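Residues per chain are reported as follows:
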Amino acid sequence: MKTIDIKVIDDVISPVSDFPDSAIKIIFNGTEYVVYEEGDELPPEPIYDEHEQL
Amino acid sequence: MSAFLDETGTLITVDHSNPLPVALVAGFTSLNDGELKTASYANPLPVTVVTTNYTEEELPDADSVAAGTEIFNTTYQVKMRSNGTSWEWLGIGKSTWADKPATAPLGQIICITDIGENGSLWRGNGAKWVRLTQIRFFDLASSVALTGSTAEVTLATISIPASLIGAKGKVKLYPLFSATNNANNKTVRVRLGGSNGYVLQTSGFAQLSALVIIRNFNSESVQKVATGMTSGLGLSTTSLNTLAINTAAATTIEITGQLANGADTLTLESLFVEIV
């Protein structure tokens, strides 16, 4: 697992470097980009549907 | 039996009833009595090919050599023949986008090795290089999720080399998003050179699949982009976004996301980009 720092240009948050090609999942957590690669334990998937299931 | 007259008018006859054995050329195969035979390389015929190598800069003027002279251009990795006035390529050259020939002779084809999934073919029209097919230019390697912030956050950045799009070119972006399905707004933006092209602010969705087209309008510095529509296609009372980004210079396309509630999640699951 790696992290990538951020920069802010014109009120838009961006990574300071390119995302690595080896990444399998990237999450911006509010402060930095967290890069998950092969072999890293992935975080649980977010619950996307908050509506009541029919 | 066959017959023909030689140059002196003498009738020559040939008896084919007992044909000579046919020798196999090294590396070729043939059926002999139903059995596959492959010739060996043990005793190849001596072949000597002499071709002079030149870099593009070292290339002599085509009218200073005899018509029919052939050389090998080491810069673009292609054999060339002089027609007495210019050099004609005898195959497909290759180059990176940045180092391609400044002139694009009519009909000559070049493989641009660093543009497209495994390179791309371009053909000269006498003035510039024109792509022969649409190009899959970019494919996102992994999903990029946004949470914990209400700021606008970059989810993907695509570098566009100078003059790649062309005056009549279009960039087609196919993003696929997932999001927390609730009443909180999520905003998706596609920016060209820092200017908003496509903007969609909406709520109540768990997935969004869109097609966003950035169109150059017969100029490398005039673009129009449909905006505000959920899928990027269809009707809208919103005006087109008109941009004035000079794509004759290198620029970028950015996909950004923004949450109204930082507890939600917006994920760019996939994105691929074509240039047509």
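Reading guide: rules and limits
Residues numbered from 1 in each chain as written. Chains lettered and ligands numbered in written order. Predicted model: local features only at pLDDT ≥ 70, side-chain atom pairs only at ≥ 80, totals over all residues. Heavy atoms only, no water. Helix = DSSP H or I, 4+ residues; strand = E, 2+ residues; numbered from the N terminus. Contact = heavy atoms within 4.5 Å. Buried area = accessible area lost by both parts, 1.4 Å probe. Salt bridge = Lys/Arg side-chain N within 4 Å of Asp/Glu carboxyl O. Polar contact = N/O pair within 3.5 Å; in protein donor to acceptor, adjacent residues only side chain to side chain. Core = buried A, V, L, I, M, F, W, Y, C linked by side-chain atoms within 4.5 Å. Buried < 20%, exposed > 50% of the residue type's maximum accessible area, 1.4 Å probe, protein only. Domains from an automatic or database assignment. Pairing = 2+ DSSP bridges. Axes fitted to C-alpha atoms, helices over the stretch in contact; angles between N-to-C directions.

The secondary structure content of chain B amounts to zero helices and 24 strands. For chain B, the share of sequence-separated contacts (at least 6 apart) that also reach a separation of at least 24 residues comes to 50%.

What follows covers the interface of chain A and chain B. Across the contact, 22 residues belong to chain A and 26 residues belong to chain B. Summing the contributions of chain A and of chain B, the shared interface buries around 1,800 Å²; its carbon and sulfur component is 53%. A per-residue breakdown of the area chain A buries against chain B is headed by Val12(A), Phe28(A) and Tyr48(A), which together make up 33% of the total. Here chain A is connected to chain B by zero salt bridges. For the pair chain A and chain B, the interface holds nine residue pairs in polar contact (both at pLDDT 80 or more). The leading source of residues in the side of chain A that touches chain B is strand S4 (residues 23-28) of chain A, at six residues.

Trp122(B), Leu173(B), Ile253(B) and Leu271(B) are the most contacted members of the largest nonpolar core, which totals 59 residues. Among the domains, domain 2 (52-133) and domain 3 (137-275) of chain B are the pair contributing at least three residues each to this core.

This part covers the pairing of S4(A). Residue and element names in this part refer to chain A. Along S4, five of the six residues are buried, which leaves the element largely enclosed by surrounding structure. Across five bridges, S4 lies against strand S5 (residues 33-37) in antiparallel orientation. Within S5, the position partnered with Ala23 by the bridge is Glu37. The hairpin formed by S4 and S5 contains four residues between the paired strands, and Gly30 there has a positive phi angle of roughly 110°.

On to the sheet that holds strand S7 (residues 78-82) of chain B, then. Residue and element names in this part refer to chain B. Within the open sheet, the four strands sit side by side as S5-S6-S7-S8. Their pairing is mixed. The open sheet has two edge strands with one neighbour each: strand S5 (52-54) and strand S8 (87-89). Strand-to-strand, the axes of this sheet are offset by a mean angle of 40°, without reference to chain direction. Pairing between S5 and strand S6 (residues 70-73): three bridges, direction parallel. Note on S6: the bridge partner recorded for Tyr54 is Asn73.

Turning our attention to the sheet that holds strand S12 (residues 129-131) of chain B. Residues and elements named next belong to chain B. In space, the four strands of this open sheet follow the order S9-S10-S11-S12, with mixed pairing throughout. The open sheet has two edge strands, strand S9 (93-95) and S12, and neither has a second partner. Going from strand to strand, the sheet's axes swing by 35° on average, the running direction of each strand aside. Pairing between S9 and strand S10 (residues 109-112): three bridges, direction parallel. If you follow Ser95 over to S10, its bridge partner there is Ile112.

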